[in-house]
Amino acid sequence: MVKIKYLERPSLSIWEKIFFIDFIKGLKVTFKNLLQKTITTKYPFEKLTPPKRFRGVHAHRVKDGNEPPSFSVLEKFMDIETGESRCVACYMCQQACPMPSLFVIEAEQLPNGKKKVKKFEMNLLNCLFCGLCVDACPVDCLIMTDIYEMAQYQRKNCVIHMEDMSERGKDFDRRRLKEPDRIWIDDSERIKLWGQVKWS
């Protein structure tokens, strides 16, 4: 048998009934922000630059001399020229993805025994933007950029290709490679948007 315990709400005093004290307490945050300057941006005329670690549209880093040590190990099996995508067709991104069907990766064996990536496509309509593919890439090829304007009028335009991803990767590295890998560029930018957190 289930026992039910009834609780009575505390009764309000005469002053709380007349002056709506609880209502005013509930509006405390509203009153606090009422006279402060708004931080709303006038999009699309004003655009905020997201943090470097923002999960925007995907890109490929290219072979440019800034490769991690793991790339030099795999490079001897690959035919990759300077300025080309450093993808080694290991399929680790596809294995790590919760939706592996969004990847189309094709590589061919050349007569000299080396491998060359011929096709790398991602269907962003199926992408969760979780970043697991980026974490799985052993040569730091696949990255997520700060580009968030990805709306398209046709579904076929939501499929991104290796050539576009390489160009996007070059642009992203040119703009932001030397920035510290943190959520905000500097503390003043973060404080301007989010305020100063006071830890107890």
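Residues numbered from 1 in each chain as written. Predicted model: local features only at pLDDT ≥ 70, side-chain atom pairs only at ≥ 80, totals over all residues. Heavy atoms only, no water.

1. Regarding the overall build of the protein
Scanning the protein from terminus to terminus reveals 8 helices and 5 strands. Counting helices and strands in the order they occur from the N terminus, the protein gives α-α-α-β-α-α-β-β-α-β-β-α-α. Dimensions of the protein, computed from C-alpha atoms along their principal axes, come out at roughly 90 × 55 × 40 Å. Across the 200 residues that make up the protein, the buried fraction comes to 28%. In the protein, 67% of the contacts between residues at least 6 apart in sequence involve partners at least 24 apart. Roughly 15100 Å² of accessible area belongs to the protein as shown, and the carbon and sulfur atoms make up 58% of that amount. A gap of 8 Å separates the mean positions of the 34 positive and 27 negative side-chain charges of the protein. (Helix = DSSP H or I, 4+ residues; strand = E, 2+ residues; numbered from the N terminus. Buried < 20%, exposed > 50% of the residue type's maximum accessible area, 1.4 Å probe, protein only. Contact = heavy atoms within 4.5 Å. Areas by Shrake-Rupley, 256 points an atom, 1.4 Å probe, with all protein chains shown as cover. Lys, Arg positive; Asp, Glu negative; His and termini not counted. Charge placed at Lys NZ, Arg CZ, Asp CG, Glu CD.)

2. Regarding the sheet that holds strand β3 (residues 115-123)
Spatially, the 3 strands line up as an open sheet ordered β2-β3-β5, and their pairing is antiparallel. Edge strands, defined here as strands with exactly one partner in the open sheet, are β2 (103-109) and β5 (159-161). Adjacent strand axes in the sheet meet at a mean angle of 15 degrees, parallel and antiparallel pairs treated alike. Examined bridge by bridge, β2 and β3 share 7 bridges and lie antiparallel to one another. Bridge pairing in β3 links Phe-103 to Met-122. Helix α7 (residues 162-176) rests against β3 and β5 of the sheet, and its axis sits at about 70 degrees to β5. (Pairing = 2+ DSSP bridges. Axes fitted to C-alpha atoms, helices over the stretch in contact; angles between N-to-C directions.)

3. Remarks on α7
Over its 15 residues, α7 extends 21 Å from the first C-alpha to the last, a length consistent with the 21 Å expected when each residue adds 1.5 Å. Among the residues making up α7, those that are buried are Met-162, Met-165, Ser-166, Arg-168, Gly-169, Phe-172, Asp-173 and Arg-176. Buried residues of α7, viewed axially, fall in a sector of 165 degrees; they line one side. When the buried face of α7 is taken as reference, the exposed residues oriented beyond 90 degrees from it are Glu-163 and Arg-174. Buried residues along α7 sit against β1 (58-60), β3, β4 (142-144) and β5. (Expected span 1.5 Å × (residues − 1). Arc of directions from axis to C-beta.)

4. Some remarks on the packing of aromatic side chains
Taken as a whole and judged by the stated rule, the model has 2 aromatic pairs. Note on Phe-54 and Tyr-148: the rings are 6.1 Å apart at their centroids and 75 degrees apart in plane angle, and the pair reads as edge-to-face. Taken together, the residues span a long stretch of sequence, with Phe-54 in the loop between α3 (28-34) and β1 and Tyr-148 in the loop between β4 and β5 at a distance of 94 residues. We classify Phe-54 as partly exposed; its relative accessible area is 30%. Taking the relative accessible area as the measure of exposure, Tyr-148 reaches 32% and is therefore partly exposed. A centroid spacing of 5.9 Å and a plane angle of 80 degrees characterise the contact between Phe-103 and Phe-120, whose relative ring orientation is edge-to-face. You can see Phe-103 sitting in strand β2 and its partner Phe-120 sitting in strand β3, a full 17 residues away along the chain. One exposure class covers both Phe-103 and Phe-120, and it is buried. (Phe/Tyr/Trp six-rings, centres within 6.5 Å; stacked < 30°, edge-to-face > 60°.)

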